[in-house]
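Survey of secondary and tertiary structure
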Amino acid sequence: MPTYKCFKCEKKIQNTNLDKRFVCPNCGGKIFYKPRKVVKKVKAV
Ligand SMILES: [Zn+2]
């Protein structure tokens, strides 16, 4: 199940909480993004 992050308050939101209303239950924000599972730093060679 995908987990989204609110763009405003940066709280994690389960997809089930969003269901039909795509609104953050915490701050009412409507912008979300999917945080990447693994953030790798790539060394510039
Ligand atoms: Zn929020």
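For the structure itself, look to the data block above.
The following paragraphs examine the structure supplied in this document. Everything numeric here is computed off the predicted structure, so don't read it as measured data.

1. With respect to the overall build of the protein chain
- Assigned secondary structure in the protein chain consists of one helix and three strands.
- Burial analysis of the protein chain (45 residues in total) assigns 7% to the buried set.
- Taking the intrachain contacts of the protein chain between residues at least 6 apart in sequence as the baseline, contacts between residues at least 24 apart amount to 26%.

2. A few points about unusual backbone geometry
- One non-glycine residue, E10, lies in positive phi territory at about 60°.
- Since 13 C-beta atoms lie within 10 Å of it, E10 is described here as partly exposed.

3. What about the sheet that holds strand 3 (residues 32-33)?
- Across the sheet, three strands lie side by side as 2-1-3; this open sheet has antiparallel pairing. Edge positions in the open sheet fall to strand 2 (12-14) and strand 3, since each of these has one partner strand only.
- Sheet topology places strand 1 (residues 3-6) next to strand 2; three bridges connect them, and they run antiparallel. Along strand 2, the bridge assignment pairs Y4 with I13.

4. A word on the environment of F32
- In this fold, F32 is placed in strand 3.
- Along the chain, F32 and K8 lie 24 residues apart, while their C-alpha atoms are 8.3 Å from each other.
- Ignoring any residue separated from it by four or fewer positions in sequence, one finds F32 in contact with Y4, K5, C6, F7 and I13.

Calculation notes
- Residue indices begin from 1 for each chain and proceed along its sequence in written order.
- Under the rules for a predicted model, residues below a pLDDT of 70 receive no local features and side-chain atom pairs below 80 are neither given nor counted, while totals for whole chains, interfaces and linings still include all residues.
- To qualify as a helix, a DSSP run of H or I must reach at least 4 residues; to qualify as a strand, a run of E must reach at least 2; elements of each kind are numbered from the N terminus.
- Exposure classification rests on a simple neighbour count of other C-beta atoms within 10 Å of a residue's own: a residue reaching 20 or more is buried, one at 12 or fewer is exposed, and one in between is partly exposed. C-beta atoms are placed from the backbone.
- Placing C-beta atoms from the backbone, we regard two residues as in contact once those atoms come within 7 Å.
- At least two DSSP bridges between two strands are required for those strands to pair.

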